Structure formats: structure tokens, C-alpha cells
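An overview of the molecular structure
Residues per chain, in single letters:
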Amino acid sequence: MHISGVVVHARPGRAAQAHQQLAAVAGVEVHVSDVEGKLIVTLEQENEQSTVDTFGRLNELPDVLSATMVYHHFEPDTDSK
């Protein structure tokens, strides 16, 4: 499991819309959203490629100005032996 922390900046005046768009992406959870348009998000994906693909998708959402990964952690799946 790949777990990433992401800081997202919404386009001015579009934080609520960015929040909705982010929450609709599989594996993405929005934890904090402020009035200035900064959102704190976690991204959980099964493998490295899906993490990269989903992170790229966040930057392409219409009301997202930028998404910056600030943390990444990998946990091996101990249940799949």
C-alpha cells in the first residue's frame, strides 16, 4: 500500500468545487479545507504506478491550481502471502 500526503491549492474562489472533485477520486480523502483554498489530502493506492497516475489526475482537475506531494510511505501487504 502506497500512502501519500498531498497539499492542494484550489483556484481562487473554487475550494468547495475542488473539494468535491478530489473526494470523487478513488483512494483520495480530503482531511482539511480552508477558506483560502488550501486542502490537505491523503492518497492511498495499491502500487507505485497507480499512485503516479492518480497524483497526475489530481493536478488535472478543473478547480485544482496545483497539487504537491509532501509525504510518501510504502507498507508491504502482509496479508497476500
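These notes cover the structure that comes with them. Note that the structure is predicted; figures quoted are calculated from it, not measured.

Cut-offs and rules
- Residues numbered from 1 in each chain as written.
- Predicted model: local features only at pLDDT ≥ 70, side-chain atom pairs only at ≥ 80, totals over all residues.
- Heavy atoms only, no water.
- Helix = DSSP H or I, 4+ residues; strand = E, 2+ residues; numbered from the N terminus.
- Rg over C-alpha atoms; globule rule 2.2 N^0.38 Å.
- Buried < 20%, exposed > 50% of the residue type's maximum accessible area, 1.4 Å probe, protein only.
- Contact = heavy atoms within 4.5 Å.
- Areas by Shrake-Rupley, 256 points an atom, 1.4 Å probe, with all protein chains shown as cover.
- Lys, Arg positive; Asp, Glu negative; His and termini not counted.
- Charge placed at Lys NZ, Arg CZ, Asp CG, Glu CD.
- Pairing = 2+ DSSP bridges.
- Axes fitted to C-alpha atoms, helices over the stretch in contact; angles between N-to-C directions.
- Core = buried A, V, L, I, M, F, W, Y, C linked by side-chain atoms within 4.5 Å.

1. Describing the overall build of the chain
Regarding its fold elements, the chain presents two helices and four strands. Ordered by position in the sequence, the α and β elements of the chain form the string β-α-β-β-α-β. Here the C-alpha atoms of the chain give a radius of gyration of 13 Å, agreeing with the 12 Å that 2.2 N^0.38 yields for 81 residues. In terms of overall dimensions, the chain has C-alpha extents of about 50 × 20 × 20 Å along its principal axes. Taking all 81 residues of the chain together, 36% fall into the buried category. Restricting the contact set of the chain to residue pairs at least 6 apart, pairs at least 24 apart contribute 65%. Split by element, the accessible area of the chain, about 5,100 Å² in all, is 53% carbon and sulfur. Separation between the mean location of the 5 positive side-chain charges and that of the 12 negative ones in the chain comes to 8 Å.

2. Overview of the sheet that holds strand β2 (residues 28-33)
Taken together, four strands build an open sheet; the order of strands is β2-β3-β1-β4 and the sheet is antiparallel. Each of the sheet's edge strands pairs with one partner strand only, and the pair in question is β2 and β4 (64-74). For this sheet, the mean angle separating the axes of adjacent strands, direction not counted, is 20°. Where strand β1 (residues 2-10) meets β4, nine bridges bridge the pair, whose relative direction is antiparallel. From the neighbouring strand, A10 faces β4, where its bridge partner is V64. Relative to the sheet, helix α1 (residues 15-23) contacts β1, β2, β3 (38-45) and β4, its axis offset from that of β2 by approximately 155°.

3. Some words on the nonpolar core
Note that soluble globular proteins tend to have their nonpolar side chains buried in a common cluster. Among the nonpolar cores identified, the biggest contains 17 residues, and V6, V8, L22, V28, L39, V41 and L58 are the most heavily contacted of them. Those elements giving two or more residues to this core turn out to be β1, α1, β2, β3, α2 (48-60) and β4. Ignoring any residue separated from it by four or fewer positions in sequence, one finds V41 in contact with S4, G5, V6, V8, L22, V28, E29, V30 and H31.

The quantities given are spatial measurements derived from coordinates; they are silent on function.
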